[in-house]
Amino acid sequence: MKRVTSCMILCAALLCNCRCLALDWKALHEQADRTDLRTALMRVDKDPRSVPDLYLLGLVYLETYQPDKAGEVFGRLLSVDPQSVEGIWGKAEVMRRDHRYDQAEDLLVGIIEIDPDFCPAYLSLAYIRFAQARFEDSANYALTVVRKNSRDVDTSTYARAHLIYAGAKGMISYFGGPMSHFINGIIVMPTLREAQEMKPDSPEVLFGFGCYYLLAPRGMGKNIRLAQYYLERLVEDEPLFPDGFARLAQVYKIQGDQKRYEQMLNTALELDPRCELALDIKNGWCRFICPEKKMR
């Protein structure tokens, strides 16, 4: 009993210390949106042990789709401050992008237990559940962030939460019955527009609209021309976004352009050989919808 009590006291002390040293993560996430890679690298060069500057650099690497480099930076951050919640989240987010979902989830759940207001952890879990085709769980994690006051979340995290919520609701609508088509489907476009107001030309917003116009039922907004417009803009603006190439491949398949379909799908798999969406399309599993097939 004494041993358990001592452990509890020690853990409480560690958590208290961890929160005392906590970064202003919302401000740093906002700053990362306005910081280019060169500037972020210069800040770390000036002070290689600065936890805020290391976190900022890690975020910029994530924003530019360089998770391997982000992982190295978050590792350096944790060597300076092993208890940093922000650094642990960065490590977990890199694991998520590397499809190491079980390891990432363990860290993310631990973060939420320590700091229930750390919104990026919920968003990472929402992405994991979406990749696992557990769309209800994905929507619930995203909704936790969507329901926050916008002042308590950085703009990018808040916008992405709306986007993953819209995407999960779209999947639930598609695979559900007639009532689900109405209840869940009607949420998708208004939620996408809210995200668009926050981050008008972000890759994720372009992807969200491209997917909507590609996957929506006829009579509820399906428009292959608009899907092509948004997805082509996406892959031109952000050529390291594998899911964008995968969805664009489906557009070309619908249009009967087999050559470009194969090119786009191959590009997606070259960027990420374990991309769930690209593998789903290639193998015809249709867990994330094959619009060229009539599922119902």
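Attention here is on the structure that accompanies the text. (Residues numbered from 1 in each chain as written. Predicted model: local features only at pLDDT ≥ 70, side-chain atom pairs only at ≥ 80, totals over all residues. Heavy atoms only, no water.)

Let us look at the environment of serine 202. One can find serine 202 in the loop between α11 (178-198) and α12 (203-215). Classification of serine 202 as buried rests on a relative accessible area of 11%. Distance from serine 202 to phenylalanine 130, taken between C-alpha atoms, is 20 Å for residues 72 residues apart in sequence. (Helix = DSSP H or I, 4+ residues; strand = E, 2+ residues; numbered from the N terminus. Buried < 20%, exposed > 50% of the residue type's maximum accessible area, 1.4 Å probe, protein only.)

What follows covers the pattern of salt bridges. For the structure shown, the criterion picks out 14 salt bridges. For arginine 129, the salt bridge identified is with glutamate 105, shortest N-O distance 2.6 Å. One end of the pair, arginine 129, is in helix α8 (residues 119-131); the other, glutamate 105, is in helix α7 (residues 101-114), with 24 residues separating them in the sequence. Across the pair, glutamate 105 and arginine 129 agree in class, each one buried. (Salt bridge = Lys/Arg side-chain N within 4 Å of Asp/Glu carboxyl O.)

Attention now goes to the state of the cysteines. Considering all chains together, one arrives at 1 disulfide under this definition. Across a sulfur-sulfur distance of 2.1 Å, cysteine 286 and cysteine 290 are joined as a disulfide pair. One disulfide, between cysteine 286 and cysteine 290, carries an S-S torsion of -105 degrees and so falls in the left-handed class. A single burial state applies to cysteine 286 and to cysteine 290, both of which are buried. Free of any disulfide, cysteine 211 has its nearest cysteine sulfur in cysteine 275, 11 Å distant. Residue classification places cysteine 275 among the buried positions, given a relative accessible area of 2%. (Disulfide = S-S within 2.5 Å.)

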